[in-house]
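Results of the structural survey
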Amino acid sequence: MSTDASSRPAAVSVRTRPLADRIPVLSHLRRSVGLQRAMLVIGVVIVAVFVLVAAFAPLIAPYSWAQQSANGVDFATQQPPSAAHIWGTTVSGFDVFSRVIWGAQTALFAILAAIVFSLFIGVALGLLSGYFGGWLDRVLLVICDAIYAFPSLLLAIVMSIVISRGQSTLVGGILAAAISITVVFVPQYFRVVRAEVVRVKAEPFVESARVIGVPLGRILVRHVLRNSTRTLPVVVTLNASEALLTLAGLGFLGFGIEATKAAEWGYDLNRSVADVTSGIWWTSIFPGLAIVLVVLGITLVGESLNDLSDPRLRTRRRAGGAA
């Protein structure tokens, strides 16, 4: 028996979005226009240069972060920029250019560690609190409100003292700074994820999964968490710049990493305060400029992602383009 081709059920074609439309920064870059795209591109370029400098610091820096001599000759202290030291030397005889380059690696390690710790703890707590509610939700909300009300830098200083106990080694100092920053960031991720989970768990597809007997772990991960993280890329980028500022603040106040253990921009600024009044500008301007540029780049990316994730702004932009 022959069947007419027109009577056959049409094959349902599932359209899969291209990979570029699923990666947060690339997808936002494709949707951006005008000044918004320019800001995002500038931010991405600055962040990319920062990451590349940190990754290839051993190849870029002519000296180690704590090196004070070469070929048996000690470096002159507070030497102005020259052919041997293109950004001059510090009061301790360190090469400023090398310290700034190695400082990018320290900053990147601390930012990544802080973001990973904060995401893991904050997302897990927000997921459990928002889904189960009850006494667990109330206790976690009170704790996070108490942490949120505490001055963030002061809390980071206290945690850094408790964790490092004055031992500011490379790994210990980075971990101490990262954990200190994590304590400050966890309430932010907790609140963002909890609010999304409370909304998503009331959706029909979650109720349907419960009715048909889907395991709880699968519901939490595949149905609830998967649909509650759309705003996390924005929060991560904004918190990355705050993490760098907190790390620099700890180093400037003397609670960071020692100069012989690793290079850190905040510590270098602290050591260059006395040089400014003597007209020695090169010891402070380069690490300070590094902090400003990296924070600017991360902030531009974060603010651009925030604007492009807002449906109201996208609607206004489309309306403006059509006009």
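This part is about the packing of aromatic side chains. Within this structure, the stated rule accounts for eight aromatic pairs. Judged by centre distance (4.3 Å) and plane angle (0°), the ring pair of tryptophan 87 and phenylalanine 286 falls under stacked. With tryptophan 87 in the loop between β2 (73-74) and α4 (96-132) and phenylalanine 286 in helix α13 (residues 282-308), the pair connects residues that are 199 residues apart, well separated along the chain. Classification of phenylalanine 286 as buried rests on a relative accessible area of 15%. Ring geometry for tryptophan 281 versus phenylalanine 286: centroids 6.1 Å apart, planes at 50°, classification tilted.

Attention now goes to the pattern of salt bridges. In this structure the tally under the stated criterion is four salt bridges. The partner of aspartate 137 in a salt bridge is arginine 194, with the nearest N and O atoms 2.7 Å apart. Of the two residues, aspartate 137 is situated in helix α5 (residues 134-149) and arginine 194 in helix α7 (residues 170-200); the sequence distance between them amounts to 57 residues. Across the pair arginine 199 and glutamate 196 runs a salt bridge whose closest N-O atoms are separated by 2.7 Å. Residue arginine 199 and its partner glutamate 196 are both found in helix α7; the two are separated by three residues, about one turn of the helix. Accessibility expressed as a relative area gives 38% for arginine 199, which makes it partly exposed. Note on glutamate 196: relative accessible area 11%, which makes it buried.

Thresholds, definitions, all that
- Residues numbered from 1 in each chain as written.
- Predicted model: local features only at pLDDT ≥ 70, side-chain atom pairs only at ≥ 80, totals over all residues.
- Heavy atoms only, no water.
- Phe/Tyr/Trp six-rings, centres within 6.5 Å; stacked < 30°, edge-to-face > 60°.
- Helix = DSSP H or I, 4+ residues; strand = E, 2+ residues; numbered from the N terminus.
- Buried < 20%, exposed > 50% of the residue type's maximum accessible area, 1.4 Å probe, protein only.
- Salt bridge = Lys/Arg side-chain N within 4 Å of Asp/Glu carboxyl O.

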